[in-house]
Amino acid sequence: MNTDEPKKISRREALKWVGAAMTAFPLLQGAGFAAGTARLKRTLSDPDLLHPGKLWDRVLTKEELRAVTALCDVIIPADEKSPSASKVGVPDFIDEWVSAPYPEQEADRKRIQEGLAWLNTEAQNRFQKIFAGLTEEEKVKICDDISYVPKAKPEFMQVAWFFARVRDLTASGFYTTKEGMKDLQYIGNVPLFAFDGPPKKVLEYLKLA
């Protein structure tokens, strides 16, 4: 897997993912997936996300994009059912998200940029390479220390919250792509020639039959 060449997606597509994530995060919170997110306060001066023109500049550097690409592919690697997160453009989505000029995204930008810097420093300390240059086994060894907030050691607690946020963003981006929906075996948004109503077994289970 070449983590230096993630798929590029259009600005319009990245913004659609941002809009979808804004809607999805409150639901994810209820399911226990996200922590500390808040709904965005919109203003009349917000850009038109459906017809984007001049928008905010992207903020992640080339080095940061390499690190976030490598991390996304640790979180959702390629398997026999679907491509890796980077191959469907998730790093572009994360770059768009943290670049947006809203309080939640600005807070995420600080946390994620600091976390990516930590990843590279930790990789240098442990393996004398930047994070994107590590083997998959070496990346996993670092991520194992930060992948679960409740079990993170005190010295890894802050960066564990960073990992949790990137994990949520990666999942939100990946599973709103056609590849991610296929991986989930989601079959909605498909036209039907006819609908005969809910199956009898479902109605009986709900005590409606």
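Each value, and the rule that gives it
Residues numbered from 1 in each chain as written. Predicted model: local features only at pLDDT ≥ 70, side-chain atom pairs only at ≥ 80, totals over all residues. Heavy atoms only, no water. Helix = DSSP H or I, 4+ residues; strand = E, 2+ residues; numbered from the N terminus. Phe/Tyr/Trp six-rings, centres within 6.5 Å; stacked < 30°, edge-to-face > 60°. Buried < 20%, exposed > 50% of the residue type's maximum accessible area, 1.4 Å probe, protein only. Axes fitted to C-alpha atoms, helices over the stretch in contact; angles between N-to-C directions. Parallel < 35°, antiparallel > 145°, perpendicular 65-115°, else oblique. Contact = heavy atoms within 4.5 Å. Nonpolar A, V, L, I, M, F, W, Y, C, P; charged D, E, K, R; others polar. Left-handed = near helix turned anticlockwise from the far one by under 90°. Core = buried A, V, L, I, M, F, W, Y, C linked by side-chain atoms within 4.5 Å. Salt bridge = Lys/Arg side-chain N within 4 Å of Asp/Glu carboxyl O.

S.K.: Go over the environment of Lys178 with me, naming the residues and quoting the values.
M.R.: Here Lys178 lies in helix 7 (residues 178-184). Considered as a pair, Lys178 and Val88 are 90 residues apart in the sequence and their alpha carbons are 9.1 Å apart.

S.K.: Give a detailed account of the packing of aromatic side chains, specifying residues and quantitative values.
M.R.: Applying the stated criterion across every chain, the model contains four aromatic pairs. For the pair Trp118 and Phe156, a centre-to-centre distance of 6.0 Å together with 80° between the ring planes defines the contact as edge-to-face. One end of the pair, Trp118, is in helix 4 (residues 103-127); the other, Phe156, is in the loop between helix 5 (136-144) and helix 6 (157-174), with 38 residues separating them in the sequence. With relative accessibility at 21%, the residue Trp118 sits in the partly exposed group. Look at Phe174 and Tyr175: their rings are 4.9 Å apart centre to centre, the planes differ by 85°, and that puts the pair in the edge-to-face class. Since its relative accessible area comes to 29%, Tyr175 is described here as partly exposed.

S.K.: Quick rundown of the packing of helix 2 (residues 62-75) against helix 4? Include the residues and the values.
M.R.: Contact pair helix 2 / helix 4: the axes reach a minimum separation of 10 Å and the direction vectors enclose 80°. The orientation of helix 2 relative to helix 4 falls into the category roughly perpendicular. Each of Glu63, Glu64, Ala67, Val68 and Leu71 in helix 2 lies in contact with helix 4, whose residues at this interface are Gln113, Leu116, Leu119 and Asn120. For the contact of helix 2 with helix 4, the class distribution of residues is five nonpolar, two polar and two charged.

S.K.: Lay out the packing of helix 4 against helix 6 with the relevant residues and their values.
M.R.: Angle between the axes and distance between the axes: these two values describe a pair of packed helices. It is the contact of helix 4 with helix 6, at a shortest axis distance of 9 Å, that shows an interaxial angle of 115°. Our pair here, helix 4 against helix 6, has a crossing hand that is left-handed. Mapping the contact onto sequence places Glu104, Asp108, Arg111, Ile112, Gly115, Leu116, Trp118 and Leu119 in helix 4 and Val159, Trp161, Phe162, Arg165, Val166 and Leu169 in helix 6. Among the residues forming the contact of helix 4 with helix 6, the class breakdown is nine nonpolar, one polar and four charged.

S.K.: Any chance you could break down the nonpolar core for me, citing the residues and the numbers?
M.R.: Ranked by internal contacts, the top residues of the largest apolar core, which has 38 residues, are Leu71, Ile94, Leu119, Phe131 and Phe162. At the level of elements, helix 2, helix 3 (90-99), helix 4, helix 5 and helix 6 are the ones that each hand at least two residues to this core. It is helix 6 that provides the largest number of residues to this core, a total of eight residues. Once you skip the residues sitting within four places of it in the chain, Leu119 turns out to touch Leu71, Phe131, Ile142, Ile146 and Phe162.

S.K.: Mind laying out unusual backbone geometry, listing which residues take part and the relevant values?
M.R.: In this structure, Gln128 takes a positive phi of about 60° despite not being glycine. Counting through the fold element by element, Gln128 comes out in the loop between helix 4 and helix 5. In the Ramachandran plot, Lys207 falls in the positive-phi region, its phi being about 60° despite a non-glycine side chain. Along the chain, Lys207 turns up in the segment after helix 8 (200-205).

S.K.: Describe the environment of Gly133, with residues and values.
M.R.: Here Gly133 is to be found in the loop between helix 4 and helix 5. On the basis of relative accessibility, which here comes to 37%, the residue Gly133 falls in the partly exposed class. Taking the C-alpha atoms as reference points, Gly133 and Ala70, separated by 63 residues in sequence, lie 8.6 Å from one another.

S.K.: Account for the pattern of salt bridges, naming residues and giving values.
M.R.: In this structure the tally under the stated criterion is 14 salt bridges. For Asp92, the salt bridge identified is with Arg58, shortest N-O distance 3.8 Å. Placement of the pair is Asp92 in helix 3 and Arg58 in the loop between helix 1 (11-30) and helix 2, with a sequence separation of 34 residues. Residue Asp92 is classed as buried on the basis of its relative accessible area, which comes to 7%. We classify Arg58 as partly exposed; its relative accessible area is 29%. A salt bridge links Arg58 to Glu96, with the nearest nitrogen and oxygen atoms 3.0 Å apart. Of the two residues, Arg58 is situated in the loop between helix 1 and helix 2 and Glu96 in helix 3; the sequence distance between them amounts to 38 residues. Given the relative accessible area of 0%, Glu96 is considered buried. Residues joined by salt bridges that share partners form a network here, namely Arg58, Asp92, Asp95 and Glu96.

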